[in-house]
Every structure is written in structure tokens, then in C-alpha cells.
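# Commentary on secondary and tertiary structure
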Amino acid sequence: MTAIGLMTGMPEGEAEPLIVEVQEVVQRAASAAGNQELTVATEDVAKRAADQFLGPGRRPITQQYGSRAGQEVGRISADGQRVVRMDANATAPHYNFETKTTGGNLHVRFRR
């Protein structure tokens, strides 16, 4: 298995489009200003992009009230400057990639 295959757990030919799509999400989220939207192929792409966008040391965000109290609803970067909120159960499932420095909020929708 190649290095790409080891990183993704997928055969190289299948992994390369995934890596490109993940990188596109991360780049768009980092530079977003205002509300923007992007649709990706799968929730797995959104999850992988969230991990890269937030970087090491990310922490969970837990809902403190209401019917989702105690549930993880997002994650925040170690420096507190990037947030990903997950709403995979919505009618139109999506993750919100928020960047505090630019005021950006990239809505990443995915197909089921």
C-alpha cells in the first residue's frame, strides 16, 4: 500500500480525489468571509476536513441545555480560533466551519 493508502485506508486511486476534496474544504474554510456554502461527496469528506481544519489539540463542544444536552455538537481548535459545528441530522445535513479571524462560516453540505 502507498503512503496515500496508509493515510486514508483506501486504495491510492480512490484516495486521491478524497484528499483533493478535503484540501479544497480546508482552504475555502480558512479564507471564508461571511456565509458561504460548499457541497462535498460524503460526510466522511466533511469529517476529515474538520479534523485538518481544527488541527491537533481540538476539543469537543458539548450542548449544555435542551433535548441535546450532553451531546457533542461540534469541536473547537486548541487556540479557539476555528470551530466546526456538526448538524448531520438536519433536513439538509451539514457542518459549519467557522473562522474567528475572518468572520467566515462555510456551510459544508454532503449527500447521504
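Nothing here was measured: the structure is a model prediction, and the numbers come from that model.

### Examining the sheet that holds strand β1 (residues 35–40)
Here we have six strands laid out as an open sheet, ordered β1-β6-β5-β4-β3-β2, and mixed in their pairing. Two strands in the sheet have a free side with no partner beyond their single neighbour: β1 and β2 (59–62). Averaged over neighbouring strand pairs, the angle between their axes works out to 25° when direction is ignored. With three bridges connecting them, strand β3 (residues 72–76) and strand β4 (residues 82–87) associate as antiparallel partners. Looking at the pairing, isoleucine 76 lines up with valine 83 of β4. The strands touched by helix α3 (residues 43–54) within the sheet are β1, β3, β4, β5 (94–99) and β6 (104–110), with β5 carrying the most contacts at an inclination of about 20°.

### Regarding the confidence of the model for the protein chain
When pLDDT is averaged along the protein chain, the result is 86; 84% of the residues meet or exceed 70. In the predicted structure, residues 1–8 sits below a pLDDT of 50 and forms 13 contacts with residues beyond four places in sequence or in another chain.

### Examining the pattern of salt bridges
Scanning all chains against the criterion turns up seven salt bridges. Notably, a salt bridge pairs arginine 48 with aspartate 44, separated by 2.8 Å at the nearest N-O pair. Taken as a pair, arginine 48 and aspartate 44 lie in helix α3 at a separation of four residues, close to a single helical turn. Linking aspartate 51 and arginine 75 is a salt bridge whose minimum nitrogen-to-oxygen distance equals 3.5 Å. Residue aspartate 51 is located in helix α3, and its partner arginine 75 is located in strand β3; the two are separated by 24 residues in the primary sequence. Since its relative accessible area comes to 29%, aspartate 51 is described here as partly exposed. What emerges from the salt-bridge pattern is a single network uniting Asp51, Arg58, Glu72 and Arg75.

### Comments concerning the environment of valine 84
Residue placement: valine 84 occurs in strand β4. Expressed as a C-alpha distance, the spacing of valine 84 and alanine 29, which sit 55 residues apart in the sequence, is 10.0 Å. Beyond its immediate stretch of four places on either side in the chain, valine 84 contacts Ala50, Phe53, Leu54, Val73, Gly74, Arg75, Tyr95, Asn96 and Phe97.

### A closer look at the pairing of β3
Where β2 meets β3, four bridges bridge the pair, whose relative direction is antiparallel. Opposite threonine 62, over in β3, you have glutamate 72 as the bridge partner. The hairpin formed by β3 and β4 contains five residues between the paired strands, and glycine 80 there has a positive phi angle of roughly 75°.

### Things to note about α3
Here α3 is 12 residues long and its end C-alpha atoms lie 16 Å apart, about the 16 Å a rise of 1.5 Å per residue gives. Here α3 has its buried residues at Val45, Ala46, Ala49, Ala50, Phe53 and Leu54. Viewed end-on, α3 has its buried residues packed into an arc of 145°, placing them on one side of the element.

Parameters at a glance
- Residues numbered from 1 in each chain as written.
- Predicted model: local features only at pLDDT ≥ 70, side-chain atom pairs only at ≥ 80, totals over all residues.
- Heavy atoms only, no water.
- Pairing = 2+ DSSP bridges.
- Helix = DSSP H or I, 4+ residues; strand = E, 2+ residues; numbered from the N terminus.
- Axes fitted to C-alpha atoms, helices over the stretch in contact; angles between N-to-C directions.
- Contact = heavy atoms within 4.5 Å.
- pLDDT = per-residue confidence, 0-100.
- Salt bridge = Lys/Arg side-chain N within 4 Å of Asp/Glu carboxyl O.
- Buried < 20%, exposed > 50% of the residue type's maximum accessible area, 1.4 Å probe, protein only.
- Expected span 1.5 Å × (residues − 1).
- Arc of directions from axis to C-beta.

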